[in-house]
Amino acid sequence: MERQKITLSHSKTILIAPLDWGLGHATRCMPLIDLLLQKNYRIIIAGNGDSFFLLKEQYPSLTFYELPGYNISYAVGKNASFYALLQTPKILRTIKAENKAIAAIVQKEKIDFIISDNRYGVRNEQVKSIFICHQIALQAPNNFHFMNSVFLNLHLRQIHKFDALWIPDEENDSNLSSKLSHGISFKIPHTYIGIQSRFLNFKKTASFIDNLNFDILVVLSGPEPQRTFLESELIKKFKNRKEKILLVQGKTEKHTLKEEKNLTTVSYLNTNDLYIALQKAQVIICRSGYSTIMDLAVLGKRAILIPAEGQTEQEYLAATLASKGFAIECKQDSLDIENALEKLKTIDGFSVVRENRTKALEQLEIELEKYL
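Worth saying up front: this structure is predicted, and the values here are computed from it rather than measured.

Trainee: Could you give an account of the sheet that holds strand β10 (residues 257–260), with specific residues and numbers?
Mentor: In a beta sheet, neighbouring strands pair by backbone hydrogen bonds and run either parallel or antiparallel. Here 7 strands make up an open sheet; going across it, the order is β10-β11-β9-β8-β12-β13-β14 and the pairing mixed. Edge strands, defined here as strands with exactly one partner in the open sheet, are β10 and β14 (328–329). Inspection of the sheet shows strand β9 (residues 245–248) paired to strand β11 (residues 263–266) by 4 bridges, in the parallel sense. Its bridge partner being in β11, L247 is matched across the sheet by T265.

As structure tokens, then:
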């Protein structure tokens, strides 16, 4: 029997704030924002950086507030994770400033409900506050795995300041995040809300991508200088190959399009253009950021994943998903694209996940009904 849809009240104001590390935290909030808008809630969005720009472009009629940026950078090389760890004091200062800014927004806009995607300061004691996160068990660098339990406890201390935790993944064996979010004990209510992607039930419109011919799609994202480093290395690898390449830089400052021999470079693609590009591509090369992985899973695609060095979450996800046959892992320091392209022919990719995924939008609606 089909579950009866419940019409939610439209009298409340909801604040949604995604983290500013790349675009992924913003894109995975889109199904949530769309659902709430369909229910006629008043939505306020807070954030900064490229993810902030993306949501402004997608939802120009909404009210936006800029928050202090975490501004974390990752060095290129084996010591990148330690370089990021040294920035912990800056993160803690940002959390404090963020929490102060949220208090002002709550008072001014009369916020009734807060949803934070990985922003630890986006909560308020007077308002029910939900935390969205897939990476609860933070991963230490390879030689320091004995610190994983310490990192987990420190992370849970921050998460448990919220009223509930929503994990964007499935609870069953076809999950994507594995030990990052499974097999953990929580002191607050937690729910697996399914694989959340902006491409869930997406309806495309006409795009200039329809007229482009390419074999390989490269999608770049994430903090500098690693984004630029990978772009430069991939261009070197592909400049003498026969395949036609479409490279999306993930730079939102301005829109540029350049064609040179077999390489077409575009600065940025909106949701519709990227959807069409992903569907057209025979081969996809991208980072192993979790939101990107959810997009690939929803579309049932095959991909070569290149984790950013020192981002232990991306390194873990690339290795784990490769072991399951969902994707091919290619390390940035060696960047053996030729070998990765050959291996890609031997796997089914995320088609199995696509077939078995839960109805994520329905699960999200069920959770919202508990609080609204």
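There's plenty left to go through after this.
Trainee: Would you mind going over the pattern of salt bridges in detail, with residue names and values included?
Mentor: Tallied over the full model, the rule gives 12 salt bridges. A salt bridge links D117 to R28, with the nearest nitrogen and oxygen atoms 2.8 Å apart. Separated by 89 residues along the polypeptide, D117 in strand β4 (residues 113–117) and R28 in the loop between α1 (24–27) and α2 (30–38) bring together distant segments of the chain. You'll find D117 and R28 in the same group, each marked buried. Salt-bridge contacts for E233 lead to K236; the nearest nitrogen and oxygen are separated by 3.2 Å. Highlighted residues: E233 and K236, both in helix α7 (residues 226–238), separated by 3 residues, approximately one helical turn. On the basis of relative accessible area, E233 is assigned to the partly exposed category, the value being 22%.

Trainee: Account for the sheet that holds strand β5 (residues 128–132), naming residues and giving values.
Mentor: What the 7 strands build is an open sheet, ordered β3-β2-β1-β4-β5-β6-β7; its pairing is parallel. Either end of the sheet is taken by a strand with one partner, and the two such strands are β3 (63–66) and β7 (190–192). Neighbouring strand axes in the sheet, compared pairwise and without regard to direction, differ in orientation by 20 degrees on average. Relative to β7, strand β6 (residues 164–167) runs parallel, the two sharing 3 bridges. Paired with L165 across the strands is H190, a residue of β7. Contacting β1 (13–18), β2 (42–47), β4, β5 and β6, α2 crosses the sheet at an angle of about 170 degrees to β1. Seen against the sheet, helix α3 (residues 49–58) touches β1, β2 and β3 and runs at an angle of roughly 170 degrees to β3.

Trainee: Please set out the nonpolar core residue by residue, giving values where relevant.
Mentor: Grouped together as the largest cluster of nonpolar side chains are 40 residues, with contacts concentrated most on L176, I209, F214, L217, L246, L305 and F350. Breaking this core down by element, the ones donating at least two residues are β8 (216–219), β9, α8 (271–280), β12 (283–286), α9 (290–299) and α10 (312–323). Of all the elements, α9 adds the most residues to this core, at 7 residues. For I209, the contacting residues outside a window of four places in its chain are F214, L246, L269, D273, I276, A277 and K280. Formed by 30 residues, the second largest nonpolar core is a distinct cluster that contains L36, I45, L62 and I130.

Trainee: So what's going on with the packing of α2 against helix α13 (residues 360–371)? Residues and values would help.
Mentor: The contact between α2 and α13 brings their axes to 11 Å, and the two run at 60 degrees. It follows from the interaxial angle that α2 and α13 lie oblique. Judged by the sense of rotation from one axis to the other, the crossing of α2 with α13 is right-handed. Across from P31, L32, L35 and L36 in α2, the residues of α13 making contact are L361, L364, E365 and L368.

Trainee: Account for the pairing of β10, naming residues and giving values.
Mentor: The pairing of β10 with β11 spans 4 bridges and is classified as antiparallel. Across the sheet, residue K258 finds its bridge partner in β11, namely T265. Counted along the chain from β10 to the antiparallel partner β11, the turn is 2 residues long, and its residue K261 has a positive phi close to 55 degrees.

Trainee: Provide a residue-level description of the packing of aromatic side chains, including the pertinent values.
Mentor: Here the distance between the centres and the angle between the planes together describe a pair of aromatic rings. Taken as a whole and assessed by the stated rule, the structure comprises 10 aromatic pairs. Ring pairing ties together the aromatic residues F113, W166 and Y371, which thus form one cluster.

Trainee: Before we move on, can you summarise the side chain of H182 with the specific residues and values?
Mentor: Counting through the fold element by element, H182 comes out in the loop between β6 and β7. Note on H182: relative accessible area 17%, which makes it buried. Within the structure, the side chain of H182 is placed 3.2 Å from the side chain of S181, a separation counted as a polar contact. Non-local contacts of H182, meaning those with residues more than four positions away in its chain, are made with D169, E170, E171, N175, S177 and Y192.

Trainee: Residues and numbers for the environment of K280, please.
Mentor: Topologically, K280 is positioned in helix α8. Since its relative accessible area comes to 29%, K280 is described here as partly exposed. Along the backbone, K280 and R42 are 238 residues apart, and their C-alpha atoms lie at a distance of 36 Å. Apart from residues no more than four positions distant in its own chain, K280 is found in contact with I209, D210, L212 and F214. One polar contact links the side chain of K280 to the main-chain carbonyl oxygen of I209, over a distance of 3.0 Å.

Trainee: Lay out the confidence of the model for the protein chain in plain terms, naming residues and giving numbers.
Mentor: Low pLDDT marks regions whose predicted coordinates should not be analysed in detail. Looking at the protein chain, the pLDDT average stands at 89 and 91% of residues meet or exceed 70. Here residues 1–9 is modelled with pLDDT under 50, and outside its nearest four sequence neighbours on either side it reaches 15 contacts, counting other chains as well.

Trainee: Lay out the state of the cysteines with the relevant residues and their values.
Mentor: Under the counting rule described, the total for this entry stands at 0 disulfides. There is no disulfide at C133, and the cysteine sulfur nearest it, in C29, is 12 Å away.

Each value, and the rule that gives it
- Residues numbered from 1 in each chain as written.
- Predicted model: local features only at pLDDT ≥ 70, side-chain atom pairs only at ≥ 80, totals over all residues.
- Heavy atoms only, no water.
- Pairing = 2+ DSSP bridges.
- Helix = DSSP H or I, 4+ residues; strand = E, 2+ residues; numbered from the N terminus.
- Salt bridge = Lys/Arg side-chain N within 4 Å of Asp/Glu carboxyl O.
- Buried < 20%, exposed > 50% of the residue type's maximum accessible area, 1.4 Å probe, protein only.
- Axes fitted to C-alpha atoms, helices over the stretch in contact; angles between N-to-C directions.
- Contact = heavy atoms within 4.5 Å.
- Core = buried A, V, L, I, M, F, W, Y, C linked by side-chain atoms within 4.5 Å.
- Parallel < 35°, antiparallel > 145°, perpendicular 65-115°, else oblique.
- Left-handed = near helix turned anticlockwise from the far one by under 90°.
- Phe/Tyr/Trp six-rings, centres within 6.5 Å; stacked < 30°, edge-to-face > 60°.
- Polar contact = N/O pair within 3.5 Å; in protein donor to acceptor, adjacent residues only side chain to side chain.
- pLDDT = per-residue confidence, 0-100.
- Disulfide = S-S within 2.5 Å.

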